[in-house]
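Remarks on the overall topology
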Amino acid sequence: MAKITGIIGWIGTVLVFGAVAVRMVYPEWNEYATYAAWAGLVSVLIYMAGQWRDVADFYKGRSAQYGTMSIVSIVVFLGILVAVNYLAIRQNKRWDFTANQVYSLSEQTIKVLQSLDAPVKFTVFDRETNFDRFRDRLDEFVYHSSNVQAEYVDPDREPTRAKDAQLQSYGTILIEYKGRTERVTSTDEQALANALIKAATGAAKKVYFTQGHGEKDTAATDRTGYSSIAEALTADNYEFESLVLVQQTAVPNDATVVVIAGPTTDFFAAEMDALAAYVARGGKVLVMLDPPAKPGGPGQPLLTQFLMDWGINAGNDVVLDASGMGQLLGTDASVPVAAQYPPHAITDGFRLVTAYPVARSMTSLDGGSNSHVAQPLVSTSAQSWAEADTASVTGGEVEFNADKGDRQGPITLASASSAPATDAPAAPAADADSTAAEPPPTPESRVVAIGDSDFAANFGLGIAGNRDFFMNAVSWLAQQENLIAIRPRQPEDRRLTLTADQQQRIMLLCLFIIPGIVFSTGVYTWWRRR
């Protein structure tokens, strides 16, 4: 009997190891390997049952007990490792230690992904050898949203799918969402996020920039132009156009937002009537007024009264900042720097510094006006103040003087106000056959006022938060709160540029000085021990 059980035990051992080898060498025979493994396990158990007396006598010894404890400890440790690896696969977590977080998705992209209410599919059309170039980026999109799916298609192997997708070139990513499609040929986060925004929002919204009163020009590429902001608007799926309001009787019906960027003269009464009518029917206006160009000049009474009707007081002053924060940015006290943002949808989660070259205060009126109560958006530091004597600023003499009307900081530089539209057009009747159409946003009038227009000019966008604050304000006005976030950053150029003399010194340090010190230390140690 012992010989028979011994033979069965050897057969079981051979079957188990043979099953492992088959799984590794011939994966297509996995089914047979499984049967062999179970048969081997049963054979080993039969052998152990037949030798139960010998097994019992063996475990009576102290060495056997210690050995068993060691084996159990090893098995438990291996089980813990397996469990940790299983949890790590199921609960993926990433860390990005780069200075500019270039390997992480921006807050805006994550917010767009998490707001998706239907599946979105990214289909990559490229040669199979290039799939990894796209997979690294798209895996981040899949990681942040369960509604994102990624598929990789080789057009050479599946020409029919490539033809159906109207593929024009390799490296094309087709984005499909709710029947809308967008194409992009870049793995850059900004390009992918912009294409996703276009697919998610549908038709582009239109932003009008008023002209005719010395406003900033979106086509100007000089330091005071708005060409960079125009590019940022296009990236977020906005269209923009100039609007000479004096030549029209009303603001165009397709206007999503009207931007008044730094006019140097006041609007005409007819223009203000058209602007008021536009806001009354649910329009959105962004007003950026710089301080008066000349102390004691005529100012812009109609524009400031328009803001007053919305609970916002455009101060006849210049905000100065003596905190020293501006020196870190290479500016002086005439450029107030802000890092405090009262709670509002525009500034939700906003933690970047913004700077406003030569700004005026834009405070909310206590108790509001015409049932419009404004909310502050940007506050300067406690070391700043609103200088009432603007002539002293141009003359270079700057000091706080409460007796002359100066107001101690913090000073509000931007405010926002909103209210239900009082003259909203009737909503169009919904199509009975269209059940998937999204309901339009509730008609609401919104106004944002900022006491500076240069912060969004080409030279002002060098400050990290200026672009994001402007774009967040536009997104809130357009009732696209899902786009209010920190946008993708470009990788920083962190190269170290050395002069020829510095390179020579580093070479001498590495080739002679450091090795010489090590060699001298060794010789000294040898001499002492000798």
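Quick summary incoming for the structure in this document.

Calculation notes
Residues numbered from 1 in each chain as written. Predicted model: local features only at pLDDT ≥ 70, side-chain atom pairs only at ≥ 80, totals over all residues. Heavy atoms only, no water. Pairing = 2+ DSSP bridges. Helix = DSSP H or I, 4+ residues; strand = E, 2+ residues; numbered from the N terminus. Contact = heavy atoms within 4.5 Å. Axes fitted to C-alpha atoms, helices over the stretch in contact; angles between N-to-C directions. Parallel < 35°, antiparallel > 145°, perpendicular 65-115°, else oblique. Left-handed = near helix turned anticlockwise from the far one by under 90°. Nonpolar A, V, L, I, M, F, W, Y, C, P; charged D, E, K, R; others polar. Phe/Tyr/Trp six-rings, centres within 6.5 Å; stacked < 30°, edge-to-face > 60°. Buried < 20%, exposed > 50% of the residue type's maximum accessible area, 1.4 Å probe, protein only. Polar contact = N/O pair within 3.5 Å; in protein donor to acceptor, adjacent residues only side chain to side chain. Salt bridge = Lys/Arg side-chain N within 4 Å of Asp/Glu carboxyl O.

A few points about the sheet that holds strand β14 (residues 375-380)
The strands that make up a sheet are held in pairs by hydrogen bonds between backbone atoms, and each pair lies either parallel or antiparallel. Strands sit in the order β6-β5-β7-β8-β18-β17-β14-β11-β12 across an open sheet of nine strands; the sheet is mixed. At either margin of the open sheet sits one strand with a lone partner, and together these are β6 (238-243) and β12 (354-355). In terms of strand pairing, strand β11 (residues 337-340) meets β12 through two bridges, oriented antiparallel. Its bridge partner being in β12, V337 is matched across the sheet by A355. Where helix α10 (residues 269-280) meets the sheet, it contacts β7 (255-261), β8 (284-288) and β18 (444-450), and its direction lies at approximately 140 degrees from that of β7.

Thoughts on the packing of helix α9 (residues 227-235) against helix α14 (residues 466-477)
It is at 11 Å that the axes of α9 and α14 come closest, and there the two elements cross at 50 degrees. With respect to α14, the element α9 is oriented oblique. Judged by the sense of rotation from one axis to the other, the crossing of α9 with α14 is right-handed. Two secondary-structure elements touch here, α9 through I229, A232 and L233 and α14 through R467, F470, M471 and V474. A breakdown of the residues in the contact of α9 with α14 according to their chemical character gives six nonpolar, no polar and one charged.

So, the packing of aromatic side chains
Per the stated rule, a full pass over the model turns up nine aromatic pairs. Ring geometry for F122 and F141: centres 5.6 Å apart, planes at 65 degrees, overall edge-to-face. With F122 in strand β1 (residues 120-125) and F141 in helix α6 (residues 131-144), this residue pair connects regions lying 19 residues apart in the sequence. Side by side, F122 and F141 carry an identical accessibility label, which is buried. Measuring from centroid to centroid gives 5.3 Å for Y356 and F455, while their planes differ by 45 degrees, and the two rings are tilted. With Y356 in the loop between β12 and β13 (362-364) and F455 in the loop between β18 and α14, the pair connects residues that are 99 residues apart, well separated along the chain. Residue F455 is classed as buried on the basis of its relative accessible area of 0%.

What to know about the environment of S445
Here S445 is to be found in strand β18. When the C-alpha atoms of S445 and G283 are compared, they prove to be 5.3 Å apart, with 162 residues separating the residues in sequence. If sequence neighbours within four positions are ignored, S445 has contacts with V279, A280, G282, G283, W310, S417, S418, A419, P420 and A421. One polar contact links the side chain of S445 to the main-chain carbonyl oxygen of V279, over a distance of 2.4 Å.

Describing the side chain of S361
Position of S361 relative to the elements: it lies in the loop between β12 and β13. A distance of 3.0 Å separates polar atoms of two side chains, one belonging to S361 and the other to R407.

Overview of the pattern of salt bridges
Applying the stated criterion across every chain yields a total of 17 salt bridges. Across the salt bridge formed by D132 and R135, the nearest N and O atoms sit 2.8 Å from each other. In this pair, D132 and R135 both sit in helix α6, three residues apart, roughly one turn of the helix. Residue class for R135 comes out partly exposed when judged on its relative accessible area of 28%. Across the pair K216 and D290 runs a salt bridge whose closest N-O atoms are separated by 3.9 Å. With K216 in the loop between β5 (205-210) and α9 and D290 in the loop between β8 and α11 (301-309), the pair connects residues that are 74 residues apart, well separated along the chain. Put simply, K121, E151, E158 and R161 are held in one network by salt bridges that share partners.

A closer look at unusual backbone geometry
In this chain, G409 is followed by P410 through a cis amide linkage whose omega measures 5 degrees. Considering the arrangement of structural elements, one finds P410 in the loop between β16 (407-408) and β17 (412-420). Even without being a glycine, V358 presents a positive backbone phi close to 55 degrees. Take V358: its relative accessible area is 39%, and that puts it in the partly exposed class. In this structure, S371 is a non-glycine residue whose phi angle is positive, near 65 degrees. Examined against the element boundaries, S371 turns out to sit in the loop between β13 and β14. Given a relative accessible area of 73%, S371 falls into the exposed group.

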